[in-house]
Amino acid sequence: MTQTNALYHYCLRLGDDAVVLGHRLAEMCSRAPFLEEDLALANIALDYTGRAQLYFEYAAELEGKGRTGDDLVYRRAEREFYSHLLCEQPNTDFAYVIVRQFLFSAFDRFLLDDLCAGKDARLAEIAAKTLKETRYHLAHASDWMVRLGRGTAESNARMQHALDALWPYTGELFEMDDVDLQLLEQGIAADLHTIRSLWQTEVRQTLQRANLKQPPDGYMQTGSRKGIHSEHLGHILAEMQYLVRAYPEASW
Amino acid sequence: MPTTTTDIFTEKIERDLAIEPRDPMPEEYRRHLMRQISQHAHSEVIGMQPEGNWITRAPSLRAKMILLAKIQDEGGHGLYLYSAAETLGISREEMIEQLQTGKARYSSVFNYPALTWADIGAIGWLVDGAAIVNQVMLQRTSYGPYARAMVRICKEESFHQRQGYEIMAKMAAGTPEQHEMAQDALNRWWAPALMMFGPSDAESLHSKAAFQWKIKRESNDALRQKFIDKTVQQTEVIGLKVPDPNLRFNAETGHYETSPLNWDEFHRVINGDGPCNRQRLEHHRKFHEEGRWVREACQC
Ligand SMILES: [Fe+2]
Ligand SMILES: [Fe+2]
């Protein structure tokens, strides 16, 4: 694999996480527990959609086939999406929304920290631009983890349930394949082994504060590095890509 | 010098001074505003649903971001307005309860469905466009907190109208299918948008008092005419047709004349029998109920 090709794939992965998680958060519009939180979730959805745009524009340039960033989002098939399985998990209830966000933002925060110092100027620039908002996402989610974990018996039970259900999707966040290894050697990609221990500390501390039990690291779901997803992704894409696919000649 | 509380209120109104929450005010004035502002707040919030219906199907990342930001603004307008209503002595919980039990209303236009992507264009262009005309007037309404909320809101509304018009213009100039979708959306939203101003003031019970108290400063028909005049021209610019066979420009008055509106339909829809009334309230109740455990856990 050429370095450009590896970098193209790396950008797709980053962009796919952003676009899929952003989509899930956007689904929450008019569905939050109260209006202020509705607006906060829309804000996070906007942040993710915005950074997806940056990653896909870069990916499209690296690919060099004349496709646009939007082409990569709206005309790519399920099996060519590389977002982590965690990002596509549904908004089962508000606890799932928060736990998913917490687990991912805790990862994202250290990932972006690392990419900021990376040798690819464009990626470093995107990371620097988005790190601040990610810190806010993490603070927002952590705050909810603690409030709901320590809230009522019902809120604690719901949070624990969501945490147990989503935990098996966290192992995948730290998988590294050829793309990572090649770019790591060039000083471009993040070292997910290092990030893993930082993430573990962050998560452990918040779960303790939140009065939630950390699930054991048993069986971990995997597949997204190879474009293999849960059944949920196909539905997300069916909805997201509907207009562009139904009217391939149209521009909007 | 005014001596009674009624005198103080009347004098302030006469001198065009804003009435503030601690000022004396007649009970009917307070009730009128409470009803109007909470209805306005509910409209912002319920209005998030038809547009929210298309967020997940927006056809580009840019379109998705613009729509998300727009709907987020509407939620923000809901917040300002709930706060303005709260200064009159009603809590947000009470207002939500009134909405969900049907005691309080919201703008009937949101009882129509957003069927295609062109509807997102039509809503921004026509529904926000009509709202602006009304809200510009309300910037000078006599109740201070309401007027100030309107000033903030109007700043954001013109962006809403522009993004909707941009979608319509793009689709009207697009493929034949897109053009047809745009015209179809205009056909369906035209009359509901014109009805947003309400029936002629002559028929309206509340209007007379609202004029006296300077809550309202222009008649429903005058506001509607303003909207028609600017919108007809915008329609022609992008190559769409106003769906009214009787539309004609009256050179003497300088205004467009249009067919009478179907007020029976308006009354039917506002009283509950529209395409989406039940769906909108069900949605609101469902997610409010699903969020109960969260609100209980944080007492918010
Ligand atoms: Fe608004
Ligand atoms: Fe608006």
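Placed above this text is the structure.
A brief report on the enclosed structure follows. (Residues numbered from 1 in each chain as written. Chains lettered and ligands numbered in written order. Predicted model: local features only at pLDDT ≥ 70, side-chain atom pairs only at ≥ 80, totals over all residues. Heavy atoms only, no water.)

### As for the packing of helix α5 (residues 94-116) of chain A against helix α9 (residues 192-209) of chain A
When two helices pack together, their arrangement is captured by the angle between the axes and the distance separating the axes.
Residue and element names in this part refer to chain A.
Reasoning step 1: One way to put it is that α5 packs onto α9 with a least axis distance of 9 Å and a crossing angle of 140°. As judged from the angle between their axes, α5 and α9 are oblique. In this structure, the crossing between α5 and α9 has a hand that is right-handed. Facing Phe-102, Leu-103, Ala-106, Phe-107, Phe-110, Leu-111 and Asp-114 of α5, the residues of α9 in contact are Leu-192, Ile-195, Leu-198, Trp-199, Glu-202, Val-203, Thr-206 and Leu-207. (Axes fitted to C-alpha atoms, helices over the stretch in contact; angles between N-to-C directions. Helix = DSSP H or I, 4+ residues; strand = E, 2+ residues; numbered from the N terminus. Parallel < 35°, antiparallel > 145°, perpendicular 65-115°, else oblique. Left-handed = near helix turned anticlockwise from the far one by under 90°. Contact = heavy atoms within 4.5 Å.)

### As for unusual backbone geometry
Reasoning step 1: One non-glycine residue with positive phi stands out, namely A:Ser30, at about 70°.
Reasoning step 2: In this structure, A:Ser30 sits in the loop between α1 (3-26) and α2 (35-63).
Reasoning step 3: Judged by its relative accessible area of 15%, A:Ser30 is buried.
Reasoning step 4: Although it is not a glycine, B:Asp16 adopts a positive phi angle of roughly 60°. (Buried < 20%, exposed > 50% of the residue type's maximum accessible area, 1.4 Å probe, protein only.)

### Looking at the coordination of the iron ion (ligand 1)
Ideal values for angles at a metal depend on the geometry: 109.5 degrees with four tetrahedral donors, 90 or 180 degrees with six octahedral donors.
All names here are of chain B.
Reasoning step 1: Those donors, Glu-44 (OE), Glu-74 (OE), His-77 (ND1) and Glu-157 (OE), are the protein atoms that reach the iron ion (ligand 1), and they lie 2.0 to 2.4 Å from it.
Reasoning step 2: Its four donor atoms give the iron ion (ligand 1) angles of 82 to 158° at the centre, a pattern that matches the irregular case.
Reasoning step 3: Here the donor residues of the iron ion (ligand 1) are spaced in sequence according to E-x29-E-x2-H-x79-E.
Reasoning step 4: A separation of 3.3 Å is found between the iron ion (ligand 1) and the iron ion (ligand 2), which share Glu-74 as a coordinating residue. Here Glu-44 is found in helix α2 (residues 27-46), whereas its partner His-77 is found in helix α4 (residues 61-86), with 33 residues between them in sequence. The same class applies to Glu-44 and to His-77, which are both buried. (Donors = N, O, S within 2.8 Å, 3.2 Å for Na, K, Ca; no water. Tetrahedral: all angles 85-135°; square planar, octahedral: opposite > 155°, others 65-115°.)

### Some remarks on the interface of chain B and chain A
Reasoning step 1: In this assembly, 41 residues from chain B lie in contact with 47 residues from chain A.
Reasoning step 2: Summing both partners gives a buried area of about 3800 Å² for chain B against chain A, and 71% of it is carried by carbon and sulfur.
Reasoning step 3: Along the contact surface separating chain B from chain A lie one salt bridge.
Reasoning step 4: One salt bridge in this structure joins A:Glu36 and B:Arg92, with 2.4 Å as the shortest N-O distance.
Reasoning step 5: Linking chain B to chain A there are twelve residue pairs in polar contact (both at pLDDT 80 or more).
Reasoning step 6: Sort the elements by how many residues they give to the side of chain B that touches chain A and α4(B) lands first, with 13 residues.
Reasoning step 7: Within the side of chain B that touches chain A, the residues separate by chemical class into 22 nonpolar, eleven polar and eight charged. (Buried area = accessible area lost by both parts, 1.4 Å probe. Salt bridge = Lys/Arg side-chain N within 4 Å of Asp/Glu carboxyl O. Polar contact = N/O pair within 3.5 Å; in protein donor to acceptor, adjacent residues only side chain to side chain. Nonpolar A, V, L, I, M, F, W, Y, C, P; charged D, E, K, R; others polar.)

Limitation: the analysis is restricted to geometry and does not speak to function.
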